[in-house]
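# What the coordinates show
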Amino acid sequence: MHEIDQTQTVTLAGAGLVGSLLAMFLARRGFQVEVLERRADMRREGGSAGRSINLAISTRGLHALRQVGLEQEALQHAIPMRGRMIHSVSGELSLQPYGKDDSQHINSISRAWLNKCLMTHAEETGRVGIRFKQRIQEVDVDTGALTVLDEPSGVTHEARTSVLFGTDGSGSAVRQSMMRLPGYTSTQAPLSHGYKELTIPAGPGGAFQMEKNALHIWPRGSYMLIALPNEDGSFTCTLFLPFEGPVSFASLDSPGKVLAFFEEQFPDSVPLLPELTHDFFHNPTGTMVTVKGMPWYVGGRALVLGDAAHAIVPFFGQGMNCGFEDCVVLDGCLERHRTWEEAFAEFFHLRKTNADAIADMAVENFTEMSSSTASARFLLEKQVEKALLNAFPGQFLSRYSLVSFSRVPYRMAYEAGTRAGGIVSELSEGLSRAEDVNLERAAQLIQERLVPFMKEH
Ligand code: FAD
């Protein structure tokens, strides 16, 4: 058995969001942490931090940052988004609040700013060294030998570690090496949609050209456009579109077709997107994948976490939040156990079922965002849900609020949320106004279906 010994140096693959945060947690426990990152140092060489310019951070992610003293600094750079601002084809706007009131909101934050902030604070612990342009190519998890490519020289060398953490994202080299071992399995389910980022620049004097405190959605069924605010007054828009088919990245093959598509489907966005066709053809088309695998560890020698263990599609805004929660849970496991293997085994046991649950909810949420948000029935149900959240605080909890505004395990949020959704649907039957919802019947249904479940868990 491999004892947890604070004098050990541990190695992390990847200084992305999860790797940089994990480095802080491990440094706090006294370890020396060496991080190998394949990209250049974005604090010196600029460039993109990778996919998606901004992200939504909510309760789980903020809780993790609080543990390392960074929540307040992050919130100073974040923009609260209190609800979804739905844009209809005719340009009408309607705000669907996320929570029971404005205190329940999610936050738009720059990926690059957050990643740089985490790397800098990790290094400032004095225990973390990040080596950039070091690509891990191969891992022998039995011996702890890593084959690392030094990108500037093109020379490959061998490194050794006693404990390796794979935080190298959805295409993880560490996971791929682990999955070659007998008894290890992993599946990758790519989405048939891709995404493209576009920019709505700030208006005169850095003004926001749309409502600042909302996540904007243009829901159109099999595709949608969304926009999140940035600190400088701009918005980053993301177009989610099938790769193939009658309306797809394949079919939109000329500037004229792109412009005509936007004018027909998202007309109010067109005057706000001066570089639309340029961005469309110059920005990369991103892919999205759900990764599920097991187990996530090899004895006490290697563990994958974050996207490397469980990449999910972005429609619940939870990938990073879930990866940050991994760091908190692992920290607790390291506190409780004497050996790495015991800690890794407990971590896997605690997280696997929850990672699977948020992966499934994220796929389901695509339908909610791209289609349901546009329907009158959905709107009514959301208003009924809000009425119940306010009328039965602590007793009635929606899936969205459990996922985004609580830290109850995702599996429980999934199951309780399904029960809550059933109650809302039943109470909305035949209703034309949320104000007319039958609260007596609601109380009865909540007592019968939700309260016993919450007590049980
Ligand atoms: P990554 O961020 O991918 O970081 C991995 C790091 O490892 C990178 O720095 C990479 O360069 C490095 N690396 C990779 N391979 C190697 C190697 N072989 N050797 C060395 N280094 C390596 N999540 C949210 O919570 N909220 C959101 O709103 C949200 N929006 C999203 C929108 C989009 C369009 C997408 C695609 C994702 C979104 N996510 C969101 C998910 C979020 O981006 C990920 O869950 C998060 O980035 C995972 O962090 P990570 O550190 O595990 O992986």
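On a predicted model such as this, the values are computed, not experimentally measured, just so you know.

Okay, the domain arrangement of the chain next. Here the domain parsing of the chain yields domain 1 (9–80 + 109–188 + 289–365), domain 2 (190–287) and domain 3 (375–456). Between the C-alpha centres of domain 1 and domain 2 the distance comes to 30 Å. Tallying the contact residues gives 15 residues for domain 1 and 16 residues for domain 2. The contact between domain 1 and domain 2 buries some 1300 Å² in all, and 62% of this surface belongs to carbon and sulfur atoms. In terms of surface lost to domain 2, no three residues of domain 1 exceed Asn54, Ile79 and Phe315, which account for 43% of the buried area on that side. At the boundary of domain 1 with domain 2, the tally comes to zero salt bridges. At the junction of domain 1 with domain 2, the criterion picks out five residue pairs in polar contact (both at pLDDT 80 or more). Of all the secondary structure elements, the ones that give two or more residues to the side of domain 1 that touches domain 2 are β3 (54–57) and β4 (79–81). When residues of the side of domain 1 that touches domain 2 are assigned to their parent elements, the largest contribution, three residues, is made by β3.

Now for the nonpolar core. Counting residues in each nonpolar core, the largest one holds 74 residues, and the members touching the most others are Phe165 and Phe324. Per-element tally for this core: the top contributor is helix α1 (residues 17–28), with nine residues. Every residue in contact with phenylalanine 165, bar those within four places of it in the chain, is listed here: Val10, Thr11, Leu12, Ala13, Leu22, Leu26, Leu303, Leu305, Leu330, Trp340 and Phe344. Counting 53 residues, the second-largest nonpolar core is a separate cluster that includes Leu215, Ile217, Met412 and Ala434.

The next point concerns helix α14 (residues 410–428). Residues lying three or four places apart along an α-helix face the same way, a consequence of the helix completing one turn every 3.6 residues. Compared with an ideal rise of 1.5 Å per residue, which puts 19 residues at 27 Å, α14 spans 26 Å between its outermost C-alpha atoms and is within 8% of the ideal. All of the buried residues along α14 are Tyr410, Met412, Ala413, Tyr414, Ala416, Gly417, Ala420, Ile423, Val424, Leu427 and Ser428. Packed against the buried residues of α14 are α3 (59–67), α10 (319–336), α11 (340–370), α12 (376–391), α13 (399–405) and α15 (439–456). Looking one or two residues beyond α14, the residue adopting positive phi is glycine 430, at roughly 75 degrees.

What follows concerns the packing of α14 against α15. The contact between α14 and α15 brings their axes to 10 Å, and the two run at 165 degrees. Classified by the angle their axes make, α14 and α15 are roughly antiparallel. Judged by the twist between their axes, the crossing of α14 over α15 is right-handed. The residues of α15 that touch α14, namely those facing Met412, Glu415, Ala416, Arg419, Ala420, Gly422, Ile423, Glu426 and Leu427, are Arg441, Ala442, Leu445, Ile446, Arg449, Leu450, Phe453 and Met454.

Taken together, three strands build an open sheet; the order of strands is β3-β7-β4 and the sheet is antiparallel. Whereas interior strands pair on both sides, the edge strands pair on one side only; in this sheet they are β3 and β4. Across the sheet, the mean angle separating the axes of adjacent strands is 35 degrees when strand polarity is ignored. Relative to strand β7 (residues 106–110), β3 is paired through four bridges, and the arrangement is antiparallel. Following the sheet pairing, isoleucine 57 is matched in β7 by asparagine 107. Sitting on the sheet, helix α5 (residues 111–124) is in contact with β3 and β7, with an inclination near 75 degrees to β7.

Here is what the cut-offs are and how they apply
Residues numbered from 1 in each chain as written. Predicted model: local features only at pLDDT ≥ 70, side-chain atom pairs only at ≥ 80, totals over all residues. Heavy atoms only, no water. Domains from an automatic or database assignment. Contact = heavy atoms within 4.5 Å. Buried area = accessible area lost by both parts, 1.4 Å probe. Salt bridge = Lys/Arg side-chain N within 4 Å of Asp/Glu carboxyl O. Polar contact = N/O pair within 3.5 Å; in protein donor to acceptor, adjacent residues only side chain to side chain. Helix = DSSP H or I, 4+ residues; strand = E, 2+ residues; numbered from the N terminus. Core = buried A, V, L, I, M, F, W, Y, C linked by side-chain atoms within 4.5 Å. Buried < 20%, exposed > 50% of the residue type's maximum accessible area, 1.4 Å probe, protein only. Expected span 1.5 Å × (residues − 1). Axes fitted to C-alpha atoms, helices over the stretch in contact; angles between N-to-C directions. Parallel < 35°, antiparallel > 145°, perpendicular 65-115°, else oblique. Left-handed = near helix turned anticlockwise from the far one by under 90°. Pairing = 2+ DSSP bridges.

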